[in-house]
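What follows is each chain in one-letter form.
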Amino acid sequence: MSVLLIAEHNNKEVKPFTYNAITAASQIDQDLHVLVIGLNADEVAKSISQVPSVKKVIQVDNEIYENYIAENFTTAIIKQSDKYSHIVCSANTFGKNLMPRVAALLDTSQVSDIIKVISSDTFLRPIYAGNAFATVKSNDPKKCVTIRPTSFDPAPTTGGSAEIVKADAADKTETTQFVKREEIKSDRPELGTARVVVSGGRGMQSGENFKLIQQVADKLNAAIGASRAAVDAGYITNDHQVGQTGKVVVPDLYIAVGISGAIQHLAGMKESKVIVAINKDGEAPIFSVADYGLEADLFEALPQFLSELNKLNTIQK
Amino acid sequence: MKILVAVKRVIDYNVQIRVKEDGSGVVTDNVKMSTNPPDDNAVEEAVKIKEAGKATEIVAITVGEEKAQETIRKALAVGADRGIHVKVDGIIEPLAVSKILQKVVEKEKPDLVFMGKQAIDDDCNQTGQMLAALLNWPQATFASKIEVKEKSLEVTREVDEGLETIEVNVPAIVTCDLRLNEPRYASLPNIMKAKKKPIEQINASDLGVDTNPRIEQIKVEEPPKRKAGIKVANVEELVQKLKNEAKVI
Amino acid sequence: MDDVVVIGGGIIGAATAYFLSKEGRKVKVIERDPSYKTASFPLSLGGFRRQFFQKENILLGKFAKEFIFSIPELLKTEKNPNPTASMVPNGYLLMFGPEHAEEQYRALENHKACDAGTKNIKGSELTNVFPYINNEGIETATFTDNKSEGWIDPFLFHSALKSKAIDLGAEFIKGEVKSLSEINAKTIVSAAGCWTKELLEDIPVVPQKHTVFRVKCPKHIPEMPLTGDLTTGVYWRPEGKEYLAGSPISVFDADDLEPAWNDFEELVWPALAKRISIFEELKLTGGWAGYYDCNKLDNNAVVGKHPKYENVYMASGFTGRGLMQAPGIGRALTELITTGSYQTIDISVFAVERVLQSNARPEPYVL
């Protein structure tokens, strides 16, 4: 058994999630090889060769791989696939786009978005948006697996010295052309899909005071939410409303500020992964769903929170 | 141009998912079912392209049990011209669905195949890409904007870094993101009318596709329960916990 | 020994605590779930109306309006200087088919006797006032257009009542009372809503699950009243930029509060589209279910002193009207406890003896 992991990179640097995928892949089997498909991606291959759990790096370097085109990457992977029992990559937009195309050509039923390796053929994966967990066993001789990166720690990046071998490119597709890629920076994320949501309630006391929420949201690249009471009081428009009669949100981090936690509000945010409540009323129902509750005056706590956040340099964007 | 739109019947996104006690799956009896949300975006985009005079026919297709026809009727109610139901019972994996779609594509010869980027039940995100591979067609996944050109599409894709634009020659597969458009409202009278329209029905077995699952579902369980929360003493402690314990900042 | 213990801190318990505290009584309120997850009030549509059949319900509805309009003065505290219940006084419109017309005309007599200020209109003239309504099959209708009915945010209303009660000396504690014998107080008030039977097993009040759907419509009529179509039992009102619609189908002995989603397409949507043509185009955007504290005998309140006890009073069985009747009931119970009889609105027809003797006195206008 050997595992082939497809690296994600931009020809200069390894994308961080690749290291998380390496951890998962090495749990499937120790004989882990990493495929680097790109153009002039020597630095990428070199970085990956230094990961201790990687046994071999296969580098396919060609101008047709300057940009990531799933059709081109697929044929390059198929060309290498013979020797491997597993082909794996991250379940982000890179891997989601690529892996099913590979799997179909190998006549394999793919296992998507695993969060745990139980054995080399059995995995745990969330279904129904994480409302259920399925343990699944793949019976295909060759397995295609994508990995939820945030469920695995990144592998150490130094100490290894795997060999780097070059391999040939595959044929170029003529039917797909890369046009451009734009990074979006300026806009605030949408409430429905944001990784972090900072919400204010009636405790904000005025629309003006929502500036405090905005500052924290800016720092955390968060969307701004509100309780129905804050919307009714006219502090903020109703497209920010979270709850039974507003949006239902499931961010990684939900910060409720000055929100008492009516059941109608809780219905819109209680599935968030981590919930923080800041409220001066220690009896407020919001504390019943909060992972971290801070009983404090928000007008003191929010500026402090912002200054503490400013001291950190690790905030994920 | 002819567009085939694939739609799937799933548990409605409003419904609270309940896991069966015996671990064999989730409860679906008497549960409200609907069209997979991004499949609605796929239908909407096809209808818009037709309204713009750039497509001549929209065929909606679904693969699944008898009741899966409901999703075709919803598509007919908002502008699809006809429907095909490939009947198959039980769990069917994306690989088998894409093989079925491949057979239908070979017969129907559409120029474009649209579908949602992912189904909200199994969360696989595979069928479109697999179909593209089997047909050896180009794929434009996670589309948030589609521009129809002479013999190609310019598609803006939602990727982790932001937006990516590619151009794919027709015929092509497009999988649709929720941001692609705002699906129109199906009107009740149109839903009623669609209920009377005939739908072509094909048995999956007649297409010669092996639909047996390759993946064994060993058990389905509830996600771990949320741990009881704690009160922190001050802002410093809160930030510490968020950074080191919860690892969310 | 405590002075007054109120079991249940929902809307009835909070309102009773407020009125009793105002009269100088020392009130302790015991609530088993202070997040009120399955309590009736936070899951209600928040309506307040005076359009009922029975005079007592009409009068309680009138007082609700008076009280709600006075929230800024009445419920002001240092901690909550600007209390509000986010009131929307859009009025109510109730529509009746020929089968209910006779009863409705008798109800109108009661409206008049109570000076309710409701307006009556023939079905055939309905579109003069409400041009967006299809009047097919409507014989008669009543409505108000003078800001005397509408809806509020139930949770805010409850919070304001509770804060004011605490400000006046009441105490709210978390705890579960399994039996009345656990309580040592001069006066006990059972305000246990749907779960009254757990304390007083001879009271025929049970939880009745009702579903509310949230829908989006491309056209918005923000001035629409809370509208009840008594020919189908479906009722609806605007909420923000969307609408909420209640299903007439209810369930006893429900295991959970999962909405009855399938009722939307099978029943509620057709009823909405039939009555309001813009509702032919709708998208279901959510929904929830909640419990009515249903009095199985006659859908009417059970309020007063329990005859089998020396010191036990109760209020329950509001069958969906607890929120709007809470101010009137809190005041009435306070009068009964402190003076021995009702002083303002006489609600002795709701007495506990009535249900013990099974003397039904049905209120037909349940939404």
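Above this text is the structure in question.
The rules we used
- Residues numbered from 1 in each chain as written.
- Chains lettered and ligands numbered in written order.
- Predicted model: local features only at pLDDT ≥ 70, side-chain atom pairs only at ≥ 80, totals over all residues.
- Heavy atoms only, no water.
- Buried < 20%, exposed > 50% of the residue type's maximum accessible area, 1.4 Å probe, protein only.
- Helix = DSSP H or I, 4+ residues; strand = E, 2+ residues; numbered from the N terminus.
- Pairing = 2+ DSSP bridges.
- Contact = heavy atoms within 4.5 Å.
- Buried area = accessible area lost by both parts, 1.4 Å probe.
- Salt bridge = Lys/Arg side-chain N within 4 Å of Asp/Glu carboxyl O.
- Polar contact = N/O pair within 3.5 Å; in protein donor to acceptor, adjacent residues only side chain to side chain.
- Nonpolar A, V, L, I, M, F, W, Y, C, P; charged D, E, K, R; others polar.
- Axes fitted to C-alpha atoms, helices over the stretch in contact; angles between N-to-C directions.
- Parallel < 35°, antiparallel > 145°, perpendicular 65-115°, else oblique.
- Left-handed = near helix turned anticlockwise from the far one by under 90°.
- Expected span 1.5 Å × (residues − 1).
- Bend = angle between axes of the 7 residues up to and from the residue.

Undergrad: Explain the pairing of strand 10 (residues 205–216) of chain C to me, and be specific about the residues and the numbers.
TA: All names here are of chain C. Most of strand 10 sits out of view: ten of its twelve residues are buried. As judged from the twelve bridges shared by strand 10 and strand 14 (residues 283–295), these two strands associate in the antiparallel manner. The partner of glutamine 208 across the bridge, within strand 14, is tyrosine 292. As paired strands, strand 10 and strand 13 (residues 242–252) are joined by seven bridges and run antiparallel to one another. Bridge pairing links glutamine 208 to phenylalanine 252 in strand 13.

Undergrad: An account of the interface of chain A and chain B is needed here, citing residue identities and associated values.
TA: Taken residue by residue, the interface counts 82 residues in chain A and 72 residues in chain B. Interface area, chain A with chain B, both sides summed: about 6400 Å², of which 54% is carbon and sulfur. Between arginine 179 of chain B and glutamate 190 of chain A there is a salt bridge whose closest N-O contact spans 3.4 Å. Linking chain A to chain B there are 46 residue pairs in polar contact (both at pLDDT 80 or more). Partitioning the side of chain A that touches chain B into residue classes produces 36 nonpolar, 23 polar and 23 charged. With three bridges joining them, strand 16 (residues 292–295) of chain A and strand 13 (residues 230–232) of chain B adopt parallel strand pairing. Residue leucine 294 of chain A lies in a different strand from strand 13 of chain B, and its bridge partner there is valine 232 of chain B.

Undergrad: An account of the packing of helix 3 (residues 94–108) of chain B against helix 4 (residues 127–135) of chain B is requested, with residue identities and associated values reported.
TA: Residues and elements named next belong to chain B. Remark: helix 3 packs on helix 4, axes separated minimally by 8 Å, with the N-to-C direction vectors making an angle of 50°. Taken together, the axis directions place helix 3 and helix 4 in an arrangement best described as oblique. The chirality of how helix 3 crosses helix 4 is right-handed. Contacts from Pro94, Leu95, Val97, Ser98, Lys99, Leu101, Gln102 and Val105 in helix 3 reach Thr127, Met130, Leu131, Leu134 and Leu135 in helix 4. Of the residues belonging to the contact of helix 3 with helix 4, the class tally is nine nonpolar, three polar and one charged.

Undergrad: I'd love a proper account of helix 7 (residues 262–275) of chain C, names of residues and values included.
TA: All names here are of chain C. The terminal C-alpha atoms of helix 7, which comprises 14 residues, lie 20 Å apart, in line with the 20 Å expected from a rise of 1.5 Å per residue. Taking the largest bend as the criterion, helix 7 deviates by roughly 40°, centred on valine 268, and proline proline 270 comes between one and four positions later. Taken as a whole, helix 7 has its buried residues at Asp263, Phe264, Val268, Trp269, Ala271, Leu272, Ala273 and Arg275.

Undergrad: Please set out unusual backbone geometry residue by residue, giving values where relevant.
TA: Note the cis peptide between valine 170 of chain B and proline 171 of chain B, where omega equals 5°. Relative to the helices and strands, proline 171 of chain B resides in the loop between strand 9 (162–169) and strand 10 (172–176). If you check the backbone angles, asparagine 30 of chain B has positive phi at about 60° while not being a glycine. Within the secondary structure, asparagine 30 of chain B sits in the loop between strand 2 (9–11) and strand 3 (33–35). Positioned with a positive phi, tyrosine 36 of chain C is a non-glycine residue whose angle comes to about 55°. When you line up the elements, tyrosine 36 of chain C lands in the loop between strand 2 (27–31) and strand 3 (47–48). Using a relative accessible area of 4% as the deciding quantity, one classes tyrosine 36 of chain C as buried.

Undergrad: Just give me the short version of the pattern of salt bridges, but keep the residues and values in it.
TA: Residue and element names in this part refer to chain B. Applying the stated criterion across every chain yields a total of 61 salt bridges over all chains. Between aspartate 81 and lysine 50 there is a salt bridge, with its nearest N and O atoms 2.7 Å apart. One end of the pair, aspartate 81, is in the loop between helix 2 (69–77) and strand 5 (82–87); the other, lysine 50, is in helix 1 (residues 37–51), and 31 residues separate them in sequence. Take lysine 50: its relative accessible area is 28%, and that puts it in the partly exposed class. Connected via shared salt-bridge partners are Lys2, Glu57, Arg82, Lys107, Glu108 and Glu200.

Undergrad: Tell me what's going on with the interface of chain C and chain B, and back it up with residues and numbers.
TA: A common measure of how large an interface is: the accessible area buried when the components associate. With 18 residues of chain C at the interface, the matching set in chain B holds 18 residues. Taking both sides of the interface into account, the surface hidden between chain C and chain B amounts to around 1500 Å²; carbon and sulfur atoms contribute 55%. When the area that chain C buries against chain B is broken down by residue, the three leading residues are Trp261, Glu265 and Lys283 of chain C, summing to 32%. Counting across the interface, chain C meets chain B through four salt bridges. Taking the shortest distance from any N to any O, the salt bridge between glutamate 182 of chain B and lysine 216 of chain C comes out at 3.8 Å. Those elements that provide at least two residues to the side of chain C that touches chain B are helix 7 and strand 14 of chain C. Take the side of chain C that touches chain B: its biggest share by element is five residues, from helix 7 of chain C. Of the residues in the side of chain C that touches chain B, the class split is eight nonpolar, three polar and seven charged.

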